[in-house]
Amino acid sequence: MKILYYITYAIFYTLSLLPFCVLYVISDVFSFLVGGVIGYRRKVIRKNLKNSFPEKSDKELRKIEKEFYRWICDYFVETIKLLSMSREKMARHIKFENIEEINECFDKGISCAAILGHYCNWEWLSATPIGINNEKAVCGLIYHPLYNATFDQLFIKIRESMGGVCVPKKDILRYLRTYSREKRPSLFGYISDQTPKWENIHLWLPFLNQDTPVFTGGERIMQMMHNAVFYVDMTRPKRGQYVCRFVRMYDDAASTDKFEITKKFYDMLGETIRRAPQYYLWSHNRWKRTHEEFDKRFIVENGHNIRRTDK
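These numbers come from a predicted model, not from an experiment. (Residues numbered from 1 in each chain as written. Predicted model: local features only at pLDDT ≥ 70, side-chain atom pairs only at ≥ 80, totals over all residues. Heavy atoms only, no water.)

A.B. asks: Could you give me a rundown of the packing of aromatic side chains, with the residues and numbers involved?
C.D. replies: Summed over all chains, the structure comprises 27 aromatic pairs. With centroids separated by 5.1 Å and ring planes inclined at 70°, the aromatic side chains of Tyr75 and Phe76 adopt a geometry described as edge-to-face. Taken together, a centroid distance of 5.0 Å and an interplanar angle of 80° make the contact between Phe207 and Tyr266 edge-to-face. Of the two residues, Phe207 sits in strand E6 (residues 204–207) while Tyr266 sits in helix H10 (residues 260–275), which places them 59 residues apart along the sequence. Both residues of the pair, Phe207 and Tyr266, belong to the buried class. Site record: aromatic cluster; members linked through ring pairs are Phe68, Tyr69, Trp71, Tyr75, Phe76, Tyr119, Trp122 and Tyr279. Above the plane of the ring of Phe53 lies Lys56, whose end atom (NZ or CZ) is 5.5 Å from the centre. (Phe/Tyr/Trp six-rings, centres within 6.5 Å; stacked < 30°, edge-to-face > 60°. Helix = DSSP H or I, 4+ residues; strand = E, 2+ residues; numbered from the N terminus. Buried < 20%, exposed > 50% of the residue type's maximum accessible area, 1.4 Å probe, protein only. Lys NZ or Arg CZ within 6 Å of the ring centre and 35° of its normal.)

A.B. asks: Talk me through the sheet that holds strand E1 (residues 94–97); I want residue IDs and the actual numbers.
C.D. replies: With mixed pairing, 7 strands are arranged side by side in an open sheet as E1-E9-E8-E2-E5-E3-E4. Edge positions in the open sheet fall to E1 and strand E4 (165–168), since each of these has one partner strand only. Each strand of the sheet is rotated relative to its neighbour by a mean of 30°, with strand direction disregarded. Two strands pair when backbone bridges link them, and strand E2 (residues 112–116) and strand E5 (residues 186–191) are joined in this way by 5 bridges, in the parallel orientation. In the strand pairing of E5, Ala114 is matched with Gly189. (Pairing = 2+ DSSP bridges. Axes fitted to C-alpha atoms, helices over the stretch in contact; angles between N-to-C directions.)

A.B. asks: Please set out the layout of surface pockets residue by residue, giving values where relevant.
C.D. replies: Each pocket or cavity is described by its volume, and for the second largest pocket that value is around 280 Å³. Lining the second largest pocket are 16 residues, with Gly109, Ile110, Ser111, Ser180 and Pro185 sitting closest to its centre. With 3 residues, the top contributor of residues to the lining of the second largest pocket is helix H8 (residues 172–181). For the lining of the second largest pocket, the residue count by class is 6 nonpolar, 7 polar and 3 charged. (1 Å grid on protein atoms, 1.4 Å probe; cavity = no way out; pocket = protein on both sides within 12 Å on 5 of 7 lines; lining within 4 Å. Points joined across faces, edges and corners; volume = space filled by probe spheres on them. Nonpolar A, V, L, I, M, F, W, Y, C, P; charged D, E, K, R; others polar.)

A.B. asks: Explain the pairing of strand E9 (residues 241–250) to me, using residue names and the numbers behind them.
C.D. replies: For a regular strand, the rule is simple: side chains alternate between the two faces of the sheet. In terms of strand pairing, E1 meets E9 through 4 bridges, oriented parallel. Residue pairing in the sheet places Glu97 in a bridge with Arg245 of E9. Pairing analysis gives 8 bridges linking strand E8 (residues 228–238) to E9, with the strands arranged antiparallel. Bridge pairing in E9 links Phe230 to Arg248. Adjacent in sequence and paired antiparallel, E8 and E9 are bridged by 2 residues, among which Gly240 carries a positive phi angle near 80°.

A.B. asks: Just give me the short version of the pattern of salt bridges, but keep the residues and values in it.
C.D. replies: Within the structure shown, the criterion is met by 20 salt bridges. Here Arg70 ties to Asp28 by a salt bridge, and the two come within 3.6 Å at their closest N and O atoms. Of this pair, Arg70 sits in helix H4 (residues 58–81) while Asp28 sits in helix H2 (residues 20–38), placing them 42 residues apart in sequence. Put simply, Arg46 and Glu65 hold a salt bridge, and the shortest N to O gap is 2.7 Å. Residue Arg46 is located in helix H3 (residues 42–52), and its partner Glu65 is located in helix H4; the two are separated by 19 residues in the primary sequence. Three or more residues joined by partner-sharing salt bridges are found here, namely Asp28, Arg70, Asp74, Glu78, Arg236 and Arg239. (Salt bridge = Lys/Arg side-chain N within 4 Å of Asp/Glu carboxyl O.)

Have a look at this one:
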């Protein structure tokens, strides 16, 4: 297994040494193949776009689709580039706005949570430590381990390349409590627009014109840790350039009502997506679980999902 990892790493590292201009040529070729020839997940993408933007014409939707394929291929080559890009060079490709508010929280001993979606290049958020001026602070990303051990190890290497740490979601609370005991302020990113498993669905929200099951576990952790909560609003002014703006949502997550953070996050994410929809992960089958099917499977009693077969 280690041999396979080292071979894979060597291949991707060698690719990462190529300049951006060459990587983007490779991306254009793959965009043509993946989008134009193979039609990777085209049915899912078209269904998601059609349901999310019923007011748009077929011509407008096809334009978004084409731009999406181009961007998703850019996402992969940009992510690979992290393997060899220095912090100094990275700082020329991503700009952080309002990061001084994160530093102010750290100076007061307050830990932060950054909540984001699969929008723009979320992997580049791993460069956040570049803008942090507190030497004791810990920055990282909460992630779901990949089934393929080789690529899981590779992506951890990529995500930790700028000085951050990767923590599996099942372990995050333990890590946060350890940092708190050590008086080390932390900032962790929560990618919160994934599809929860049936038994973990506790809230449905209107998101992009669709009834959507959402995760609420991240919100509970933020409340337990009394985190200051920031929304990550990313933009892509041009190819190879990103602006990451930290928008303060709450000073103390514990002061919020149940599901308040999650609801506000989805409102903000929807606004971001509508601004430039081509940069969202439309190939993910986000709406594969329906409320109707959920009601057939579960009865909700006192906030708990009970399978009908268990009654």
